[in-house]
Amino acid sequence: MSSDRVSVIVSKSEDDVFDYPFAASCHPKVDVIQRRTLQWVRRLRLVSDDRALSRIKAANVADLAAWLLPSSSMHTLQLASDFTAALFLLDDAYDEGDLSVDPEVVAGLNDKYLGELFGYAQADLCDPLTRGLLDVRDRIKSQHPHFFLNRWLSHFQYYYEANLWEANNRLQGRVPDVDEYLMMRRFSGAVYTYCDLLELLLEDPLPLEIVQHPLLQSVRDICNDILCWTNDYFSLEKELKCGEVHNLIVVLRENHKITLSQAIERLRCMHDDRIAEYQDVKEKALALWSDDRIRLYLDAADAMIAGNKRWALAAGRYSGLESLTARAG
């Protein structure tokens, strides 16, 4: 890697970072949801110490769920908040420590967790993450069509496989090329699973002919890119400190042999282009379908894009970016 130095300042002002033309409002019961999620984490013994629990508190998972799904019912919001807590714990397990550079162990864990989630392996209820993920799965299963559950599980499977890809890269000391990273980042962020959860805001999940239509696929893909690239921006300081290469800014810097500040500016331009594409695709979708469910779904996608940034600005998980001078190693 190059050894340049750049100052990246992010304030609480909305104008200092990516400018989203959308509006979102947080759920009025978010404090109740957060308290119940923490109770859920304790009841299922998902964390073994106060430090891990403090990280869940600092991440404000209920706040994130509320920003992503501001029009959801209490039931759906609780489901999203609990899933987010489990996902953060899973992310930390895969991204940190010895596991992050051990593809063989990651592959074994993937088989275990996916076998449990899909129901073809005996569940190891001594594993805290198994308990949490199965609880989320069973709550979806009990109240929603099986085809929706299987769609959600399939997208979750891609998340696991992306973790294996990352572990192989770390072991080899390999920085992926840009196109490869852009494709795999869609899976490593688990955003498709949240795009699925948006359907729970509707009276019924969307039919296959709409879900698989190229226009709606484009909405999901673009939404995914915007959320993941924004996350890479806000998590840059944290990932530079630990030498993590799976960040679009780092990937752009290494592949194009540019400075970190130039890579950040390139990401901003890519992001703005993606926002313009999103608006175009959304207008085409609204012109094609008069179904109120489509409008509701697209409104929810708007809120998810805007809400993700607002949460990232406030979340303790990336609070180091409030005033950052990052040195690339």
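Parameters and conventions
Residues numbered from 1 in each chain as written. Predicted model: local features only at pLDDT ≥ 70, side-chain atom pairs only at ≥ 80, totals over all residues. Heavy atoms only, no water. Helix = DSSP H or I, 4+ residues; strand = E, 2+ residues; numbered from the N terminus. Contact = heavy atoms within 4.5 Å. Areas by Shrake-Rupley, 256 points an atom, 1.4 Å probe, with all protein chains shown as cover. Salt bridge = Lys/Arg side-chain N within 4 Å of Asp/Glu carboxyl O. Buried < 20%, exposed > 50% of the residue type's maximum accessible area, 1.4 Å probe, protein only. Expected span 1.5 Å × (residues − 1). Arc of directions from axis to C-beta. pLDDT = per-residue confidence, 0-100. Core = buried A, V, L, I, M, F, W, Y, C linked by side-chain atoms within 4.5 Å. Phe/Tyr/Trp six-rings, centres within 6.5 Å; stacked < 30°, edge-to-face > 60°. Polar contact = N/O pair within 3.5 Å; in protein donor to acceptor, adjacent residues only side chain to side chain.

Caption draft 1: The arrangement of the overall build of the protein chain in detail. Counting secondary structure elements, the protein chain contains 15 helices and 2 strands. Partitioning the contacts of the protein chain with sequence separation of at least 6, the portion at a separation of at least 24 is 76%. If you sum the accessible surface of the protein chain, you get close to 14300 Å²; carbon and sulfur atoms cover 50% of it.

Caption draft 2: Structural detail: the pattern of salt bridges. Applying the stated criterion to the full structure yields 25 salt bridges. Ionic pairing is found between Asp95 and Arg170, a salt bridge with its closest N-O pair at 3.4 Å. One end of the pair, Asp95, is in helix α4 (residues 74–95); the other, Arg170, is in helix α7 (residues 146–172), and 75 residues separate them in sequence. Under the relative-accessibility criterion, Asp95 is labelled partly exposed at 31%. In this structure, the salt-bridge partner of Asp225 is Arg274, at a minimum N-O distance of 2.8 Å. Of this pair, Asp225 sits in helix α11 (residues 214–234) while Arg274 is found in helix α14 (residues 260–288), placing the two residues 49 residues apart along the sequence. Judged on exposure class, the residue Asp225 and its partner Arg274 are both buried.

Caption draft 3: Representation of helix α3 (residues 61–68) in the model. When you tally the buried positions in α3, you get 8 out of 8 residues, the bulk of the element. Looking at the buried side of α3, the elements it contacts are α1 (30–43), α2 (50–59), α4, α9 (191–197), α11 and α15 (292–314).

Caption draft 4: Spotlight on the environment of Leu216. Note that Leu216 resides in helix α11. For the pair Leu216 and Leu298, spaced 82 residues apart in sequence, the C-alpha separation works out to 9.1 Å.

Caption draft 5: A look at α1. Across its 14 residues, α1 extends 20 Å between first and last C-alpha, which sits within 8% of the 20 Å expected from 1.5 Å per residue. Listed as buried for α1 are Val30, Ile33, Gln34, Thr37, Leu38, Trp40 and Val41. Each buried residue of α1 sits inside an arc of 155° when the element is viewed along its axis, so together they form one side. α1 presents Asp31 and Arg43 as exposed residues on the side facing more than 90 degrees away from its buried surface. In the core, the buried residues of α1 are packed alongside α2, α3, α4 and α6 (128–143). Phi turns positive, to about 55°, at Arg45, one or two residues after α1.

Caption draft 6: Representation of the confidence of the model for the protein chain. Scored by pLDDT, the protein chain has a mean of 87; 87% of the residues are at 70 or more. Confidence drops under a pLDDT of 50 for residues 1–25, and excluding neighbours within four residues, the segment shows 86 contacts in the predicted structure. The model gives residues 319–329 a pLDDT under 50, and that stretch makes 33 contacts with residues more than four places away or in other chains.

Caption draft 7: Quick peek at the nonpolar core. Grouped together as the largest cluster of nonpolar side chains are 104 residues, with contacts concentrated most on Leu90, Trp152, Phe156 and Tyr160. If near-sequence neighbours (up to four positions away) are discounted, Tyr160 is found in contact with Leu90, Tyr94, Asn110, Tyr113, Leu114, Leu117 and Leu133.

Caption draft 8: Focus on the packing of aromatic side chains. According to the stated counting rule, one finds 14 aromatic pairs in the structure shown. Seen from their ring centres, Phe83 and Phe156 are 5.5 Å apart, and the 75° between their planes marks the pair as edge-to-face. With Phe83 in helix α4 and Phe156 in helix α7, the pair connects residues that are 73 residues apart, well separated along the chain. Since its relative accessible area comes to 1%, Phe83 is described here as buried. A residue is classified by how much of its surface remains accessible, and Phe156, at 0% relative accessible area, is buried. Aromatic rings pair up to connect Phe83, Tyr94, Tyr113, Trp152, Phe156, Tyr159, Tyr160 and Tyr194 into one cluster.

Caption draft 9: Here's a closer look at the side chain of Arg170. The class for Arg170 is buried, based on a relative accessible area of 16%. A distance of 3.4 Å separates a polar atom in the side chain of Arg170 from a polar atom in the side chain of Asp95. Excluding residues that lie within four positions of it along the chain, Arg170 makes contacts with Tyr94, Asp95, Ser100, Val101, Glu244 and His246.

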